Amino acid sequence: MDPSLTALIVAVVGVAGTLVSGLMAHRGALRAKTVELDRAERLRREELRADERRESLAVRRASYAVFNQRLRQFHSVLSKDYFAVAAGEARPDQGREREEPRRVLRDVYAEAQMVISDDVLTVAGGVVHQLHRIHALLGRHERGEATADESLEDIRERLERASEGLYEVRQTMRLELGVSALPVHRPDGYHAT
């Protein structure tokens, strides 16, 4: 072969190699940049999900605290009024005084229903219903409209069951928040006084 042709072929191959290596390097850099951007996007999404979980937990925790407080407050008012009725010391305005804690509980419960878990909602719904039933029964006794199947003993038993329910609601909330290892149901020998 002619030496000038050989030199030309070597030159063409050299230039082509230089061009191809540049393209390959550019392509490798693009691939590395794409991988880096994908990783950064994945980390950003994970951080966003973690922030959303923390925010959701904070909202749930705040809702649980207020809801627990209002449940206990209404139960306390009902208990106080039950003892007044049982002692024959009921006042005519007693039922109206229960309306504010009942209304506040209703509002707090309505808000809580949008953020609390199904487990808590199931337990809490039963307690809320029980407390409203006790409120209605006390009103009938205060007005002298109680029937034989609505005795003071029935109200006392309902208050005791509601007290057990308050414990169950609180423990269900605490377990869900990861702050308790106590059982959901009150252990034997651990009674409210």
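Residues numbered from 1 in each chain as written. Predicted model: local features only at pLDDT ≥ 70, side-chain atom pairs only at ≥ 80, totals over all residues. Heavy atoms only, no water.

1. Here's the deal with the overall build of the protein chain
On a plain count of helices and strands, the protein chain comes out with 4 helices and 0 strands. Going residue by residue from the N terminus, the α and β elements of the protein chain occur as α-α-α-α. The C-alpha radius of gyration computed for the protein chain amounts to 35 Å, which surpasses the reference 16 Å derived for 193 residues by more than 25%, pointing to a less compact arrangement than a globule. Each principal axis of the C-alpha distribution contributes one length, and for the protein chain these read about 125 × 35 × 20 Å. Taking all 193 residues of the protein chain together, the buried fraction comes to 29%. Considering only contacts within the protein chain whose residues lie at least 6 apart along the sequence, 67% involve residues at least 24 apart. With the model as given, the accessible surface of the protein chain reaches about 12,600 Å², and the carbon-plus-sulfur share is 58%. Computed over 30 positive and 31 negative side-chain charges, the separation of the two mean positions in the protein chain equals 4 Å. (Helix = DSSP H or I, 4+ residues; strand = E, 2+ residues; numbered from the N terminus. Rg over C-alpha atoms; globule rule 2.2 N^0.38 Å. Buried < 20%, exposed > 50% of the residue type's maximum accessible area, 1.4 Å probe, protein only. Contact = heavy atoms within 4.5 Å. Areas by Shrake-Rupley, 256 points an atom, 1.4 Å probe, with all protein chains shown as cover. Lys, Arg positive; Asp, Glu negative; His and termini not counted. Charge placed at Lys NZ, Arg CZ, Asp CG, Glu CD.)

2. Focus: helix H4 (residues 152-177)
Under the 1.5 Å per step criterion, the end-to-end length of H4 is 37 Å for 26 residues, consistent within 8% with the ideal 38 Å. With its phi angle positive at about 80°, Gly178 sits one or two positions after the end of H4. (Expected span 1.5 Å × (residues − 1).)

3. Observations regarding the nonpolar core
Ranked by size, the top nonpolar core spans 29 residues in total, and within it Phe67, Leu71, Leu131 and Ile134 carry the most contacts. Among the secondary structure elements, those contributing two or more residues to this core are helix H1 (3-86), helix H2 (94-112), helix H3 (118-143) and H4. Looking at this core element by element, the count peaks at 9 residues for H3. Residues within four places of Ile134 in sequence aside, it is in contact with Leu78, Ile155, Arg158, Leu159 and Ala162. (Core = buried A, V, L, I, M, F, W, Y, C linked by side-chain atoms within 4.5 Å.)

4. Structural notes on the packing of aromatic side chains
Evaluation of the coordinates by the stated rule reveals 2 aromatic pairs. Note on Phe67 and Tyr109: the rings are 5.5 Å apart at their centroids and 15° apart in plane angle, and the pair reads as stacked. With Phe67 in helix H1 and Tyr109 in helix H2, this pair connects stretches of sequence that are 42 residues apart. The residues Phe67 and Tyr109 share a single accessibility class, namely buried. (Phe/Tyr/Trp six-rings, centres within 6.5 Å; stacked < 30°, edge-to-face > 60°.)

5. Brief notes about the environment of Glu160
Tracing the chain through its elements places Glu160 in helix H4. Using a relative accessible area of 44% as the deciding quantity, one classes Glu160 as partly exposed. A C-alpha to C-alpha distance of 10.0 Å links Glu160 and His75, two positions 85 residues apart in sequence.

6. Overview of the confidence of the model for the protein chain
Detailed reading of the predicted coordinates is not advisable wherever pLDDT is low. Here the protein chain averages 86 in pLDDT, and 93% of its residues register 70 or above. H1 is the least confidently modelled element of the protein chain, averaging 87 in pLDDT, while H3 averages 93, the highest of any element. (pLDDT = per-residue confidence, 0-100.)

7. Regarding H2
The end-to-end C-alpha distance of H2 is 27 Å, a good match for the 27 Å that 19 residues give at a rise of 1.5 Å each. For H2, the complete set of buried residues consists of Gln94, Gly95, Arg98, Pro101, Val104, Leu105, Val108, Tyr109 and Ala112. Packing partners of the buried residues in H2 comprise H1 and H3.

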